[in-house]
Amino acid sequence: MSTISNHMPTDELQAIDAAHHMHPFTTQNELAERGARVITRAEGVWIHDSEGNKILDGMAGLWCVNIGYGRDRLAEVAARQMKELPYYNTFFMTTHVPAIALSQKLSELAPGNLNHVFYAGSGSEANDTNLRMVRTYWAEKGKPTKKIIISRKNAYHGSTVGAASLGGMGGMHAQGGLPIPDIHHIDQPDWWTEGGDQSPEEFGLERARQLEQAINDLGEDNVAAFIAEPVQGAGGVIVPPETYWPEIQRICDKYEILLIADEVICGFGRTGNWFGSQTVGWKPDIMTIAKGLSSGYQPIGASIVSDEIAEVIGGCEFNHGYTYSSHPVAAAVALENLNIMQEEKIVEHVRDDVGPYLKEKWQALADHPMVGEANIVGMMGSIALTPHKESRARFASDAGTVGYICRERCFANNLVMRHVGDRMIISPPLVMTRDEVDTLIERAAKSLDEGMARIKDEGLWKPAS
Ligand SMILES: *Cc1c(COP(=O)(O)O)cnc(C)c1O
């Protein structure tokens, strides 16, 4: 084990962290007791902690470090931009070169008529923009009653008041008085958990038709938009049955509502195309982007909107914006990130090379006695843990108990893999090599074996009745 000596001992760092640093989505007191893992540096697909462990990052940070860690070019661009123009806003009839260049690049990359970019500091902020933009759009078109946004249960669209309301996470709605009014949630297309006796095909159709039902129940004149992730990420990498998206598109074509594809995870190569909506064959009017936009090197998000929406919104003063909208350093870094993606053909790498390789290996995990289904699209995958595959049974313990044990085993084996309830998920850097995929799969399989042994030891190997 190599030690790194340019910082305080780990326990001292942990004590200060526990005393002063509040962590997101964390039970703070529990963390204070066990101590946070201190990550000190990273390169490629590997992160290092203060104890000298070298850990394979199967989550690309938080689904974002698509081009991998340690890219000098991004550091250099950031330094250059900071010296030249560290900050200026674009509110008062001003603009700057990084915003101009990035907007042009994004409109080239985005499909169809999506040619206009409104910047934010994050994915959550971009979805807040979308919420206000679609309602303003309809008001400007003389249809102010079109306000309701239809979303899906268990969707993740961010953590601001607006974005968390758009999202369908029960645990988030339970705190702080969410959701805000005029947001309606339909069921998610999670066949493994909720499909009952239906075939995946039937189930996919049924879940898609809930959108049509909702539009009819709420009244087309009251519905502004439908928002969805092409593949649900934080909800557990739920890959819908093949019948789902074509039916959603049919419904979207039939009614006059706007379609928002939340591409924060699926965008920028994650699914083997530039955007996830291309992979599932869906034509949005707005795309939310963040995460892979800058590979996480700078905080930046945006909404890419259609010519039609830009035209309508352009007719009024849209009273919305953030101090850091189109931040020049973030924009310059994002642009360089996209340049690297193009030069190194990273989308093609996912689509034609490492993606199919990972898919084959990942799907083979379904042979493990504790794995029910193994789903994967491009470089985002999930496995459902079950004590009884044939009946797709859940564990009797609280959802997440078993998943947590497996996640701990992954960490012990120097692999970052997350759990969502009792699903294990991966979303590794897109630049991963085949050798690194082999390491990921070996460590995942070993962790599943160890997790299963522990689950049995602890008497948790019981299906829910
Ligand atoms: C992460 C995420 C967001 C929120 O982005 P932040 O940058 O964390 O605000 C929104 N939508 C999806 C699909 C996400 O995965």
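In this text, all values refer to a predicted model and were calculated from it rather than measured experimentally.

K.L.:
Looking at this structure, how should I read the side chain of S151?
P.N.:
Considering the arrangement of structural elements, one finds S151 in strand β5 (residues 148–152). You can call S151 buried: its relative accessible area is 0%. Within the local environment of S151, its side chain forms a polar contact with the backbone oxygen of L166, the two atoms lying 2.7 Å apart.

K.L.:
Help me out: how do you make sense of a nonpolar patch on the surface in this one?
P.N.:
On the surface, Y87, Y88 and Y324 cluster together into a nonpolar patch covering about 320 Å² of accessible area. Its place among the elements puts Y87 in the loop between α4 (72–84) and α5 (97–109).

K.L.:
Can you walk me through the pattern of salt bridges in this structure?
P.N.:
Pairing is possible between side chains of opposite charge, provided their charged atoms come close. A full pass over the atoms with the stated rule returns 23 salt bridges. Where E308 meets K141, a salt bridge forms, and the shortest distance between an N and an O atom there is 3.1 Å. Separated by 167 residues along the polypeptide, E308 in helix α13 (residues 307–313) and K141 in the loop between α6 (123–140) and β5 bring together distant segments of the chain. The closest approach of N and O atoms between E206 and R207, which form a salt bridge, is 3.9 Å. Here R207 falls in the buried class, since its relative accessible area comes to 9%.

K.L.:
Sorry if this is basic, but what is going on with the site of the ligand here?
P.N.:
Close to the ligand lie S122, G123, S124, N127, Y156, H157, G158, E229, D262, V264, I265 and K291, which account for all nearby residues. In this structure, S124 approaches the ligand through a side-chain N or O atom, which is 2.5 Å from an oxygen atom. Here a nitrogen atom of the ligand and a side-chain polar atom of D262 are 2.7 Å apart. The protein chains hide 85% of the 380 Å² of surface that the ligand would expose on its own. Residue classes in the shell around the ligand are distributed as three nonpolar, six polar and three charged.

K.L.:
Teacher, can you tell me more about the packing of α4 against helix α14 (residues 328–343) here?
P.N.:
When two helices pack together, their arrangement is captured by the angle between the axes and the distance separating the axes. Closest axis-to-axis distance for the α4/α14 pair is 9 Å, and the angle between their directions is 150°. It follows from the interaxial angle that α4 and α14 lie roughly antiparallel. In terms of crossing hand, the pair formed by α4 and α14 is right-handed. Contacts between α4 and α14 pair R73, L74, V77, A78, Q81 and M82 from the former with P328, V329, A332, V333, E336, N337, N339, I340 and E343 from the latter. Taken together, the residues of the contact of α4 with α14 sort by class into nine nonpolar, three polar and three charged.

K.L.:
Can you walk me through the nonpolar core in this structure?
P.N.:
Soluble, globular proteins show a tendency: their nonpolar side chains are buried together. By size, the foremost hydrophobic cluster in this structure holds 85 residues, and its most contacted members are L102, F226 and W362. A total of ten residues in this core trace back to one element, the largest contributor, which is α14. Aside from chain neighbours lying at most four places away, what touches W362 is A374, N375, I376, G381, S382, I383, M417, M424, I426, L440 and I441. By size, the runner-up hydrophobic cluster in this structure holds 19 residues, among which are I183, I227, L258 and F318.

K.L.:
Please explain the domain arrangement of the protein chain as it appears in this structure.
P.N.:
When the parts of a complex come together, some accessible area is lost, and that lost area is often taken as the interface size. Entries for the protein chain in the domain assignment read domain 1 (37–67 + 345–457) and domain 2 (73–343). The C-alpha centroid of domain 2 is placed 26 Å from the C-alpha centroid of domain 1. Between domain 1 and domain 2, the contact holds 34 residues from the first and 37 residues from the second. Summing both sides of the interface, domain 1 and domain 2 together bury roughly 2,800 Å²; the carbon and sulfur share of this comes to 64%. The three residues of domain 1 that bury the most area against domain 2 are I67, M380 and R392, which together make up 27% of that side's buried surface. Taken together, domain 1 and domain 2 are joined by zero salt bridges. Mapped onto the side of domain 1 that touches domain 2, the elements with two or more residues apiece are α3 (60–63), α15 (346–364), β11 (371–377), β12 (380–385), β14 (418–420) and β15 (423–426). Here the side of domain 1 that touches domain 2 is composed, by residue class, of 18 nonpolar, eight polar and eight charged.

Rules and cut-offs
Residues numbered from 1 in each chain as written. Predicted model: local features only at pLDDT ≥ 70, side-chain atom pairs only at ≥ 80, totals over all residues. Heavy atoms only, no water. Helix = DSSP H or I, 4+ residues; strand = E, 2+ residues; numbered from the N terminus. Buried < 20%, exposed > 50% of the residue type's maximum accessible area, 1.4 Å probe, protein only. Polar contact = N/O pair within 3.5 Å; in protein donor to acceptor, adjacent residues only side chain to side chain. Patch = residues over 30% accessible without salt bridge, like charges linked within 9 Å, V, L, I, M, F, W, Y side chains within 5 Å. Areas by Shrake-Rupley, 256 points an atom, 1.4 Å probe, with all protein chains shown as cover. Salt bridge = Lys/Arg side-chain N within 4 Å of Asp/Glu carboxyl O. Near = heavy atom within 4 Å. Nonpolar A, V, L, I, M, F, W, Y, C, P; charged D, E, K, R; others polar. Axes fitted to C-alpha atoms, helices over the stretch in contact; angles between N-to-C directions. Parallel < 35°, antiparallel > 145°, perpendicular 65-115°, else oblique. Left-handed = near helix turned anticlockwise from the far one by under 90°. Contact = heavy atoms within 4.5 Å. Core = buried A, V, L, I, M, F, W, Y, C linked by side-chain atoms within 4.5 Å. Domains from an automatic or database assignment. Buried area = accessible area lost by both parts, 1.4 Å probe.

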